[in-house]
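# Structure assessment
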Amino acid sequence: MFWLILFILLIALSLGGFIYLVTRVHRFSFIKKLAEKHKALSWIVSVIPLIALFAISTLAINVWSAIVIFLHLVFFWLAFDIIASHFRRTYKSEQKLNIEGALAILFTFVYLLSGWKFAHTVYRTDYAIQSSKELGQDHLKIVGFADSHLGITLNGEQFAAEMQKIQAEEPDIVLLAGDFVDDDSCRADMETACKALGELKTKYGVYYVDGNHDKGYFESSRDFTYDEVIAKLEENNVVVLRDESILVDDKFYVVGRKDKSDESRMPVADLTKDIDDSKYTIIMDHQPNDYKNESETCADLVFSGHTHGGHIWPAGFIGLMTGANDAVYGAEEGNGTAFIVTSGISGWAIPFKTGTKSEYVVMDIHNKQQDQ
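Attention in this report is confined to the structure presented alongside it.

What counts and what doesn't
- Residues numbered from 1 in each chain as written.
- Predicted model: local features only at pLDDT ≥ 70, side-chain atom pairs only at ≥ 80, totals over all residues.
- Heavy atoms only, no water.
- Axes fitted to C-alpha atoms, helices over the stretch in contact; angles between N-to-C directions.
- Helix = DSSP H or I, 4+ residues; strand = E, 2+ residues; numbered from the N terminus.
- Left-handed = near helix turned anticlockwise from the far one by under 90°.
- Contact = heavy atoms within 4.5 Å.
- Nonpolar A, V, L, I, M, F, W, Y, C, P; charged D, E, K, R; others polar.
- Pairing = 2+ DSSP bridges.
- Expected span 1.5 Å × (residues − 1).
- Buried < 20%, exposed > 50% of the residue type's maximum accessible area, 1.4 Å probe, protein only.
- Polar contact = N/O pair within 3.5 Å; in protein donor to acceptor, adjacent residues only side chain to side chain.
- Core = buried A, V, L, I, M, F, W, Y, C linked by side-chain atoms within 4.5 Å.

### Focus on the packing of helix 3 (residues 39-60) against helix 4 (residues 63-91)
Two elements in contact, helix 3 and helix 4, have axes separated by 7 Å at closest approach and are oriented at 145°. In the crossing of helix 3 with helix 4, the sense of the turn from one axis to the other is right-handed. Contacts from Leu 53, Phe 54, Ser 57 and Thr 58 in helix 3 reach Val 63, Ala 66, Ile 67, Ile 69, Phe 70 and Leu 73 in helix 4. Its residues assigned to classes, the contact of helix 3 with helix 4 comprises eight nonpolar, two polar and no charged.

### Some details on the sheet that holds strand 4 (residues 206-209)
An order of 1-12-2-3-4-5 is seen for the six strands of this open sheet, with the pairing classed as mixed. What marks the edges here is a single partner per strand, and that holds for strand 1 (122-131) and strand 5 (238-240). Going across the sheet, the axis of each strand differs from the next one's by a mean of 25°, ignoring polarity. Of the pairings in the sheet, the one linking strand 2 (residues 139-145) to strand 3 (residues 173-177) comprises four bridges and is parallel in character. Each bridged residue has a counterpart across the sheet, and for Gly 144 the counterpart in strand 3 is Leu 175. The strands touched by helix 8 (residues 226-235) within the sheet are strand 4 and strand 5, with strand 5 carrying the most contacts at an inclination of about 135°.

### Some remarks on helix 4
With 29 residues, helix 4 should cover 42 Å at 1.5 Å per step; its first-to-last C-alpha distance of 42 Å lies within 8% of that length. Positive backbone phi, approximately 50°, marks Lys 92, located one or two places after helix 4.

### A few points about the environment of Ile 152
With respect to the element layout, Ile 152 can be found in the loop between strand 2 and helix 6 (156-168). Through-space distance from the C-alpha of Ile 152 to that of Pro 351 is 6.4 Å; in sequence the pair is 199 residues apart.

### Quick look at the side chain of Asp 81
Mapped onto the secondary structure, Asp 81 falls in helix 4. A relative accessible area of 9% means that Asp 81 is categorised as buried. At 2.6 Å, the side chain of Asp 81 and the side chain of Tyr 20 are in polar contact. When sequence neighbours within four positions are dropped, the list of residues in contact with Asp 81 reads Tyr 20, Arg 24, Arg 27 and Glu 100.

### As for the sheet that holds strand 9 (residues 301-304)
By way of backbone hydrogen bonds, the strands of a sheet pair with one another, either parallel or antiparallel. Read from one edge to the other, the open sheet built from six strands follows the order 6-7-8-9-11-10, with strand pairing classed as mixed. The open sheet has two edge strands, strand 6 (244-248) and strand 10 (330-334), and neither has a second partner. Pairwise comparison of adjacent strand axes, ignoring direction, gives a mean angle of 20° for this sheet. Here strand 8 (residues 280-284) pairs with strand 9 via three bridges, running parallel. Note that in strand 9 the partner of Ile 283 across the bridge is Val 302.

### Comments concerning the nonpolar core
Phe 145, Phe 159, Met 163, Phe 180, Leu 197, Tyr 208 and Leu 233 are the most contacted members of the largest nonpolar core, which has 31 residues in total. Contributing elements (two or more residues each) for this core: strand 2, helix 6, strand 3, helix 7 (187-198), strand 4, helix 8, strand 5 and strand 12 (358-367). With five residues, helix 7 is the single largest residue contributor to this core. When neighbours within four sequence positions are excluded, Met 163 is seen to be in contact with Phe 145, Ala 196, Leu 197, Leu 200 and Ile 345. Counting 26 residues, the second largest nonpolar core, distinct from the first, contains Tyr 127, Leu 140, Ala 146 and Phe 252.

### What about unusual backbone geometry?
A cis amide bond links Trp 313 to the next residue, Pro 314, at an omega of 5°. Looking at the secondary structure, you find Pro 314 in the loop between strand 9 and helix 11 (315-321). Positioned with a positive phi, Asp 147 is a non-glycine residue whose angle comes to about 55°. Checked against the element boundaries, Asp 147 lands in the loop between strand 2 and helix 6. Using a relative accessible area of 0% as the deciding quantity, one classes Asp 147 as buried. Notably, Asn 335 is not glycine yet its phi reads approximately 55°, a positive angle. Inspection of the secondary structure puts Asn 335 in the loop between strand 10 and strand 11 (337-341).

Dropping the structure here:
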């Protein structure tokens, strides 16, 4: 229902925005001059660049990106219109040039260009976490990421290049918290990415849980199945956890939950009831949407993705207000459990990030007693 409402809202905003932009483009001096003799033609000329923008964006990227570009242009043009209107009333000046229109177009271009950079550049984010539990070593270095959505900003080779950066971190363990692939990912990228994961050299291995896109909402649109993804991951020595827990080297637990979208998912209390709570416990849960229940278990760290850190501002706030997510990005603590949500190493459908950046996270777990 949430996505249906959002879709209808986007369509309504796009239609209203289109009408608004046509009237704004019509204010450019050369079109106003054309309107003096050819009024109908002047409106046609006002419509053409907007249709061209939408069509080119759709063909070059996809329709979702075209809508995002279009709505940003509407928002910024409206903002500059309001500022210009206030300025003219204050200084009692008349509009001679459509300066606000030119500024809106320029600002939209620069803003989304920076969003393109933040989506395509993968940054490193650090978290230091202290625990009173024994780790079996001085500290535990975890590298985690999620939401590669192969084919959006990262193809197989680009994903492999990011894995080389992760390898340079010399992690003890690597966590992949879902949405490894997407509906329009291709087999070649999937297999290349699985191979790259298999080539990571760690002390304790690479662990994966599925996300809402891994099974595919429209699986027939891609040239591999979800079962083939799992088989290829396991073939490359990635540990797949689907409502399972594993005691790693008798030192700490990794618990992997099925995605929230899976109706067969176990309650986290049942999943963790037999765990020795004296040992450090990590839960991987793609969607950050069960904090209360997870904080009431023996979990010391819950690692999630899914939100993309908000992806396109202000989408993250909408997720919080509707209860779709318990958190959007970053670290927080509840009842002794550390919760970390990553913005993802890529993004879904839209190759811009205006509310966040692409990243992998380095989580360094230290024992409190040893640090004192």
